[in-house]
Amino acid sequence: MTESLDSTREAAWRAYIEASQRLYTQLEEDLRAESDLSFADYHVLVLLSEAPGQRLRMGELASRLIFSPSRLTYQISSMQRRGMVSKEPCPDDRRGSEAVLTAAGLLALRDAAPHHLASVRTYLMDDLDDAEVACLTRVFGRIGDRLRASRTGSTTHATS
């Protein structure tokens, strides 16, 4: 049997879960109200805007979004219908596909970004001092690295 958390760790866990869910919900609501984009839409647009040639292989995009292949296919199809992205064959591997940012997608991102940034500042960043920001970066960077390594390790073992 797994040992239960002590009261301090349980309080930290509950505070994290509840606050992170409230934060995500608030950011999603603000984004939809200002831009008609979902949080997933926005994240896809950001990743594509930062990628070389504003394009990413579907597998890489799914990995970075932490989406299953089917969820990414649904997401990209929805965004294609709205003209924000296109899906094209990979130039170096015709078996693969890439998601490509369109001019309309870039415009949607540029229109949404200031409002989204204001929400991020209002509901998270403006309430933290520099030491707290550094602590969050350190803690979640370490957790993210460990989870990525764990997922990569389990994938490697499963296919070996």
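Given the structure is predicted, the values throughout are model-derived calculations rather than measurements. (Residues numbered from 1 in each chain as written. Predicted model: local features only at pLDDT ≥ 70, side-chain atom pairs only at ≥ 80, totals over all residues. Heavy atoms only, no water.)

### Thoughts on the overall build of the protein chain
Rules: Put simply, DSSP H or I for four residues or longer makes a helix, DSSP E for two residues or longer makes a strand, and each gets a number counted from the N terminus. To sort residues, take the accessible area from a 1.4 Å probe on protein chains only and compare it with the maximum for the residue type: under 20% means buried, over 50% means exposed, and anything in between is partly exposed. The contact definition used throughout considers only heavy atoms, calling two residues in contact when any of these lie within 4.5 Å. Each accessible area value is a Shrake-Rupley result obtained with a 1.4 Å probe; residue values ignore everything except the protein chains displayed when judging cover.
Helix and strand content of the protein chain: 6 helices and 3 strands. Along the chain direction, N to C, the helices and strands of the protein chain fall in the order α-α-β-α-α-β-β-α-α. A principal-axis box enclosing the C-alpha atoms of the protein chain has dimensions of 55 × 45 × 25 Å. When each of the 160 residues of the protein chain is scored for burial, the buried share is 26%. Partitioning the intrachain contacts of the protein chain with sequence separation of at least 6 by distance along the chain shows that 52% fall at a separation of at least 24. Within the structure as shown, the protein chain displays about 11200 Å² of accessible surface, and the carbon and sulfur contribution to it stands at 54%.

### Points about the confidence of the model for the protein chain
Our working rule: Values of pLDDT, which run from 0 to 100, indicate the predictor's confidence residue by residue.
In the predicted model, the protein chain carries a mean pLDDT of 92, and the fraction of residues at 70 or more is 96%. This model gives residues 155-160 a pLDDT under 50, and the stretch forms 0 contacts once residues within four places in sequence are excluded.

### Observations regarding the pairing of strand β3 (residues 97-101)
To keep it simple, the criterion reads: Paired strands, in this sense, are two strands between which DSSP finds at least two bridges.
In terms of burial, β3 is a largely internal element, 4 of the 5 residues being buried. Inspection of the sheet shows strand β1 (residues 55-57) paired to β3 by 3 bridges, in the antiparallel sense. Bridge pairing in β3 places Arg55 opposite Val100. Both strand β2 (residues 85-89) and β3 contribute to a ladder of 5 bridges, which runs antiparallel. Residue pairing in the sheet places Ser86 in a bridge with Val100 of β3.

### Let's talk about the packing of helix α2 (residues 39-50) against helix α5 (residues 103-123)
What counts here: Axis lines are fitted to C-alpha atoms, over the contacting stretch for helices. Their N-to-C directions set the angle, which ranges from 0 to 180 degrees. To sort the angles, those under 35 degrees are grouped as roughly parallel, those over 145 as roughly antiparallel, those from 65 to 115 as roughly perpendicular, and the leftovers as oblique. Left-handed describes a crossing whose near helix is turned anticlockwise from the far helix through less than a right angle; right-handed describes the clockwise counterpart. Three classes are used, and their members are as follows: Ala, Val, Leu, Ile, Met, Phe, Trp, Tyr, Cys and Pro are nonpolar, Asp, Glu, Lys and Arg are charged, and the others, Gly among them, are polar.
One way to put it is that α2 packs onto α5 with a least axis distance of 10 Å and a crossing angle of 115°. Put simply, α2 runs roughly perpendicular to α5. Considering how the two elements wind past one another, α2 and α5 form a crossing that is left-handed. Here Phe39, Tyr42, Leu45, Val46 and Ser49 of α2 lie close against α5, whose contacting residues are Gly105, Leu106, Ala108, Leu109, Ala112, Ala113 and His116. Grouping the constituent residues of the contact of α2 with α5 by class yields 9 nonpolar, 3 polar and no charged.

### Concerning the nonpolar core
Test applied: For the purposes of this section, nonpolar cores are sets of buried Ala, Val, Leu, Ile, Met, Phe, Trp, Tyr and Cys residues that join through side-chain atoms within 4.5 Å.
In this structure, Val44, Leu45, Leu48, Leu61, Leu72 and Ile76 are the most contacted members of the largest nonpolar core, which totals 27 residues. Contributing elements (two or more residues each) for this core: α2, α3 (58-65), α4 (69-81), β3 and α5. Among the elements that take part in this core, α2 stands out by supplying 7 residues, more than any other. If near-sequence neighbours (up to four positions away) are discounted, Leu45 is found in contact with Leu37, Met79, Met84, Val85, Leu101, Gly105, Ala108 and Leu109.

### Considering unusual backbone geometry
Phi is positive for Asp36, close to 70°, though the residue is something other than glycine. The phi dihedral of Gln54 falls on the positive side, at around 55°, and the residue is not glycine. Position of Gln54 among the secondary structure elements: in the loop between α2 and β1.

### As for α5
The cut-off we apply is this: Helix span is expected to be 1.5 Å times the residue number reduced by one. Fitting axes to the seven residues that end at a residue and to the seven that start at it, the angle between those axes gives the bend at that residue.
With 21 residues, α5 extends 30 Å from end C-alpha to end C-alpha; this agrees with the ideal 30 Å at 1.5 Å per step. The sharpest bend along α5 comes to roughly 35°, located at Ala113, with the proline Pro114 sitting one to four residues further on.

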